[in-house]
Amino acid sequence: MGFILSKSMEQNFQKQQEFMLLNGRLQLERQLVMQNQMRERQMAMQVAWSREFLKAVKKRKAVLLGPVIPLSFILAYQMDMAYGSLIHRMRAEAESIMVSESERLDVPHGMPTFESIEKSRRAKAHLSSLLEK
């Protein structure tokens, strides 16, 4: 009776360990995807900001106005950002970048996977155990 009970408990324990491992892996993969999407959005906003800045410079022809204008130009740009439609234009440009120029947002060597992270973690753990000896 004790043998049957311990075998059943061992099977349940093993199933629970497999479930926890699978659940941890799924959680890590979801976190990686979410972080990558956030990174892509941030990069798209940075590119959009740069494009909007260059458009504003081109429209105002700052070279002709000389060194008197830079401070007023910066003030006007900040006012447009705070009270105007700059953020809406930037968001629209960022969405356009994500749709039509997604290759600009790719991570070097591709998206990290669970396997690549585990391989790196194991290599570092093995290295640290060697250094402790």
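None of these values were measured; they are calculated from a predicted model.

1. A short note on the overall build of the chain
Phase 1: Helix and strand content of the chain: 5 helices and 0 strands.
Phase 2: The 133 residues of the chain split such that 14% are buried.
Phase 3: Just so you have it, the chain exposes about 11200 Å², and 63% of that area is on carbon and sulfur atoms.

2. What about the pattern of salt bridges?
Phase 1: Per the stated rule, a full pass over the model turns up 8 salt bridges.
Phase 2: Between R121 and E118 there is a salt bridge, with its nearest N and O atoms 2.7 Å apart. Remark: E118 and R121 occur in helix α5 (residues 114–132); sequence separation between them is 3 residues, near one turn of the helix.
Phase 3: The partly exposed category is assigned to R121, whose relative accessible area is 45%.
Phase 4: The class of E118 is buried, set by a relative accessible area of 14%.
Phase 5: The closest approach of N and O atoms between R122 and E118, which form a salt bridge, is 3.6 Å. Here E118 and R122 lie together in helix α5, a separation of 4 residues that amounts to about one turn.
Phase 6: Judged by relative accessible area, R122 falls into the exposed class, the value being 54%.
Phase 7: Among the charged side chains, a salt-bridge network with shared partners connects R51, E93, E101 and R104.

3. So, the nonpolar core
Phase 1: Of all hydrophobic cores here, the largest spans 8 residues; its members are A44, A48, Y77, L86, M90, A94, I97 and L105.
Phase 2: Only α1 (2–60) and α4 (86–100) provide two or more residues apiece to this core.

4. Focus on a nonpolar patch on the surface
Phase 1: Residues W49, F53 and L54 make up a contiguous nonpolar surface patch of about 270 Å² in total accessible area.
Phase 2: Taking the relative accessible area as the measure of exposure, F53 reaches 30% and is therefore partly exposed.

5. Brief notes about the confidence of the model for the chain
Phase 1: Here the chain averages 79 in pLDDT, and 80% of its residues register 70 or above.
Phase 2: By mean pLDDT, the top-scoring element of the chain is α4 (87), and the lowest-scoring one is helix α2 (residues 62–65) (54).

6. Here we look at unusual backbone geometry
Phase 1: Notably, H109 is not glycine yet its phi reads approximately 65 degrees, a positive angle.
Phase 2: Note that H109 resides in the loop between α4 and α5.

7. Regarding the environment of E29
Phase 1: Residue position: E29 is located in helix α1.
Phase 2: Once the C-alpha coordinates of E29 and F114 are considered, the two residues, 85 residues apart in sequence, prove to be 6.4 Å apart.

8. Comments concerning α4
Phase 1: Look at α4: 21 Å from first C-alpha to last across 15 residues, which is about the 21 Å you get at 1.5 Å a residue.
Phase 2: The complete set of buried residues in α4 reads L86, M90, E93, A94 and I97. Here the buried residues of α4 occupy an arc of 105 degrees about the axis, which is enough to place them on one side. Facing away from the buried side of α4 by more than 90 degrees, the exposed set consists of H88 and V99.

Conventions we followed
- Residues numbered from 1 in each chain as written.
- Predicted model: local features only at pLDDT ≥ 70, side-chain atom pairs only at ≥ 80, totals over all residues.
- Heavy atoms only, no water.
- Helix = DSSP H or I, 4+ residues; strand = E, 2+ residues; numbered from the N terminus.
- Buried < 20%, exposed > 50% of the residue type's maximum accessible area, 1.4 Å probe, protein only.
- Areas by Shrake-Rupley, 256 points an atom, 1.4 Å probe, with all protein chains shown as cover.
- Salt bridge = Lys/Arg side-chain N within 4 Å of Asp/Glu carboxyl O.
- Core = buried A, V, L, I, M, F, W, Y, C linked by side-chain atoms within 4.5 Å.
- Patch = residues over 30% accessible without salt bridge, like charges linked within 9 Å, V, L, I, M, F, W, Y side chains within 5 Å.
- pLDDT = per-residue confidence, 0-100.
- Expected span 1.5 Å × (residues − 1).
- Arc of directions from axis to C-beta.

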